[in-house]
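Observations on chain architecture
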Amino acid sequence: MKSLERDLRAVRATGRKLLVPYFMGGLTNDWIEHVEAAVLAGADAVEIGIPFSDPMMDGPVIQEADLRSLTFGTTLDSICDDLSRLDAAVPLIAMTYYNIVLHYGLERAAGKLADSDIHGAIIPDLPLEETGPWIAACDGADVASVLLVAPSTPPERVDQLAARTQGFAYASARMAVTGQSAGGGDGERVVASIRRTSDVPALIGIGIATPNQAKEAAEVSDGVIVGSALVQVILDGGGSSEVEALIMGFRSAIDS
Amino acid sequence: MSDPVLYMEEPDERGRFGEFGGRFVPEALIPACLELEAAFIDAWSDAAFIEEYRTVLREFAGRPTPVTPLLRLGEHLGLRIFAKREDLAHTGSHKINNVIGQTLLTKRMGKRRVIAETGAGQHGVATATAAARLGLECTVFMGEVDTERQILNVFRMELLGSRVVPVTSGSRTLKDAVNEAMRDWVTCVADTHYCIGSVMGPHPFPWIVREFQSIIGQEASRQLADFGVDVPDVVIACVGGGSNAAGIFAGFANTSSRLVGIEAAGGSAVGNGSPGVLHGMRSLLMQDEFGQIEEAHSISAGLDYPGIGPEHAHLAQIRRAEYYAIGDEDVIGALRLLSEKEGIIPALETAHAVAWMIREAGGALPTGSTVLLNLSGRGDKDVAQVQAILHAES
């Protein structure tokens, strides 16, 4: 078992629901401080976006963050360099698109992430059939390859995804790209389908925009991923104190 | 004795043409890709479906399009040139062949809505046209820059009852329109088919689109026989994503013909690209050293795409087809020459292929060669742009 899954299972064993905020790497000069503020406010792990020019699975907020970060010259290497300043002891998970790690070299990318204490990676444009080479690279470097399960995923495929995912299973609450949010979503059903065959930690993401949505999702899963709602605050100029306040709001809702 | 190698056959079970192709999409879209693949395989072996497809093309889209000998241009260049007249197909380009096929498939799958991306607007207009004919709801995604460049095509699509969504993300051109269409498809996949406009995207799209376009090559092969041409020496087509080229190449891939694809110099995925993954496919892409996709820049919006269909990447790699680039500066002259010599105003995309013929006549195209040019589209949509360029030069 990879260290990410061990760490997340350890948190779950204490009865605590996992809160995983998403930050776009390199979005501001002080993005590392934003991550630290989120951890102080109760984040259990942090997802870090490595920007891509064509983020197909992301809605307008994360897209803008991708492009803005790229204008600052952000790269996988620059994010790893920045992370050497991070003073926080929570698991880190990279989120990027396949072309970024493909271009870097799969084994080299996995090694670089692990060396930077990033022990998980989410590559949303890599479905089960195409993920083999990346999983092999991750296996050489203690990086957990996190797979997504969608509301449209048929049962036998959910079983395969649940068996192959590492670290946790990313349960997509909606048939949508990141940031869109209306209604309750299918998170509960997706998590239940994962649980039929696997006890891997299952986190609900995509469209978790409010503390109340996070609370409801956490009640039927092992925790939640909060992306666009947080990135929007930073795009609007919010700093560490705004990040801290937002994460505290999600934390207290989930814990209540 | 070993079997002869056949080109442009089916991709393998993972949707690969050699090392290119595949299906790099989010899990949410996998069921839709599998459904489409199954529906296509079923339909394409169903004589009734094929008959319906051919009937719509004949009764509605103006097929078969003729082959025209280009006598005066041929004399001028020292070549024997035949043009496959896709400019005479309904909506003015080859795009209609693919959208008729895909919209019929949409109905067969029981979906009520199609979405499409468009650059110059040709594929958008074609999709809007087929959707109107078949009673499907249609939304077209178009980069904001392109909606400004091609404002009349936006209006055409609206006249045809479609909704046009200007895409304001990224470079606001074709690649961003593809991203936005993919995002819509993730959200609406239950009742929506994504009618991709070229031989690109995740498997099975590159294969499906090539099959629906292969009627170009099949017809041309038969029609050339009427002129006493068994096999042309060279088959030439312009290449953005590469659907018109794939369609005409398919008729000659297993002959001795040279296959030549002409890219725009500012969108040359074969000439300047490297392998990567974008829009659901592994192919050759224009990208920087970090894997960020670069913006293509061409005088023709239809060639403004930083990638190329995966089968073309494969054909280039195994050297079954050759790909060359033409810069903006040679395109207008080619458009004028074809117009003046033959009475055909080609689309700016097509003019790239004409420009290469002009450049290479007597060189890479030896004098006396028999050439089949895919005249993929008419230039009506580009006339105002050409006028502005010529006016600025004078």
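Residues numbered from 1 in each chain as written. Chains lettered and ligands numbered in written order. Predicted model: local features only at pLDDT ≥ 70, side-chain atom pairs only at ≥ 80, totals over all residues. Heavy atoms only, no water.

**Considerations on the overall build of chain B**
Looking only at helices and strands, chain B features 16 helices and 14 strands. Its C-alpha atoms give chain B a radius of gyration of 19 Å, near enough to 21 Å, the size a compact globule of 394 residues would have. Overall, chain B is about 60 × 55 × 50 Å in size when its C-alpha atoms are taken along their principal axes. For chain B, buried positions account for 63% of its 394 residues. When contacts within chain B are restricted to residue pairs at least 6 apart in sequence, long-range pairs at least 24 apart make up 74% of them. For chain B, the accessible surface area stands at approximately 13800 Å², while carbon and sulfur atoms represent 50% of it. Positive and negative side-chain charges in chain B, numbering 34 and 50 respectively, have mean positions lying 3 Å apart. (Helix = DSSP H or I, 4+ residues; strand = E, 2+ residues; numbered from the N terminus. Rg over C-alpha atoms; globule rule 2.2 N^0.38 Å. Buried < 20%, exposed > 50% of the residue type's maximum accessible area, 1.4 Å probe, protein only. Contact = heavy atoms within 4.5 Å. Areas by Shrake-Rupley, 256 points an atom, 1.4 Å probe, with all protein chains shown as cover. Lys, Arg positive; Asp, Glu negative; His and termini not counted. Charge placed at Lys NZ, Arg CZ, Asp CG, Glu CD.)

**Overview of the interface of chain B and chain A**
Contacts between the two partners involve 36 residues from chain B and, on the opposite side, 35 residues from chain A. In total, chain B and chain A occlude about 2800 Å² of area from one another, counting both sides; carbon and sulfur atoms represent 56% of this. Taken as a group, E27, R183 and Q292 of chain B account for 25% of the area that chain B buries against chain A, more than any other trio of residues on that side. Scanning the region where chain B abuts chain A turns up four salt bridges. (Buried area = accessible area lost by both parts, 1.4 Å probe. Salt bridge = Lys/Arg side-chain N within 4 Å of Asp/Glu carboxyl O.)

**A look at the sheet that holds strand 8 (residues 192–194) of chain B**
Residue and element names in this part refer to chain B. Taken together, the four strands give an open sheet; going across it, the order is 7-6-5-8, and neighbouring strands pair in parallel fashion. Every other strand in the sheet has two partners, leaving strand 7 (163–167) and strand 8 as the edge strands with one partner each. Averaged over neighbouring strand pairs, the angle between their axes works out to 25 degrees when direction is ignored. Of the pairings in the sheet, the one linking strand 6 (residues 137–143) to strand 7 comprises five bridges and is parallel in character. By the bridge assignment for strand 7, M142 is matched with P166. Lying on the sheet, helix 5 (residues 122–134) is in contact with strand 5 (113–118) and strand 6; it crosses strand 5 at an angle near 165 degrees. (Pairing = 2+ DSSP bridges. Axes fitted to C-alpha atoms, helices over the stretch in contact; angles between N-to-C directions.)

**A few points about the side chain of S298 of chain B**
If you trace the backbone, S298 of chain B turns up in the loop between strand 12 (281–285) and helix 13 (310–317). Within the local environment of S298 of chain B, its side chain forms a polar contact with the backbone nitrogen of S300 of chain B, the two atoms lying 3.0 Å apart. (Polar contact = N/O pair within 3.5 Å; in protein donor to acceptor, adjacent residues only side chain to side chain.)

**Topic: the domain arrangement of chain B**
All names here are of chain B. As far as domains go, chain B holds domain 1 (16–57 + 95–208) and domain 2 (63–93 + 214–393). The C-alpha centroid of domain 2 is placed 22 Å from the C-alpha centroid of domain 1. Contact residues are listed per partner, giving 38 residues for domain 1 and 43 residues for domain 2. Together, the buried faces of domain 1 and domain 2 total about 3200 Å²; carbon and sulfur atoms form 60% of this surface. (Domains from an automatic or database assignment.)

**With respect to the sheet that holds strand 5 (residues 144–149) of chain A**
All names here are of chain A. The strand order 1-2-3-4-5-6-7-8 describes a closed barrel built from eight strands, whose pairing is parallel. Across the sheet, the mean angle from the axis of one strand to that of its neighbour is 30 degrees, orientation sign disregarded. Relative to strand 5, strand 4 (residues 118–122) runs parallel, the two being bridged by three bridges. Its bridge partner lying in strand 5, G120 is registered against A144. Where helix 9 (residues 187–195) meets the sheet, its contacts fall on strand 5, strand 6 (169–172) and strand 7 (202–205), and the angle it forms with strand 7 comes to roughly 155 degrees.

**Re the pattern of salt bridges**
Tallied over the entire structure, the rule returns 45 salt bridges over all chains. We note a salt bridge from E130 of chain A to R14 of chain B, for which the minimum N-O separation is 3.3 Å. Placement of the pair is E130 of chain A in the loop between strand 4 and helix 7 (132–139) and R14 of chain B in the segment before strand 1 (16–17), with the two residues belonging to separate chains. Among the residues examined, E130 of chain A registers a relative accessible area of 4% and is labelled buried. You can call R14 of chain B partly exposed: its relative accessible area is 39%. With a closest N to O distance of 3.7 Å, R378 of chain B and D380 of chain B form a salt bridge.

**Examining the environment of P151 of chain A**
Residues and elements named next belong to chain A. Mapping P151 onto the fold places it in the loop between strand 5 and helix 8 (155–164). Spatially, the C-alpha atom of P151 lies 9.8 Å from that of A176, the residues being 25 residues apart in sequence. Setting aside chain neighbours within four positions, we find P151 in contact with S172, A173, R174, M175, D186, R189 and V190.

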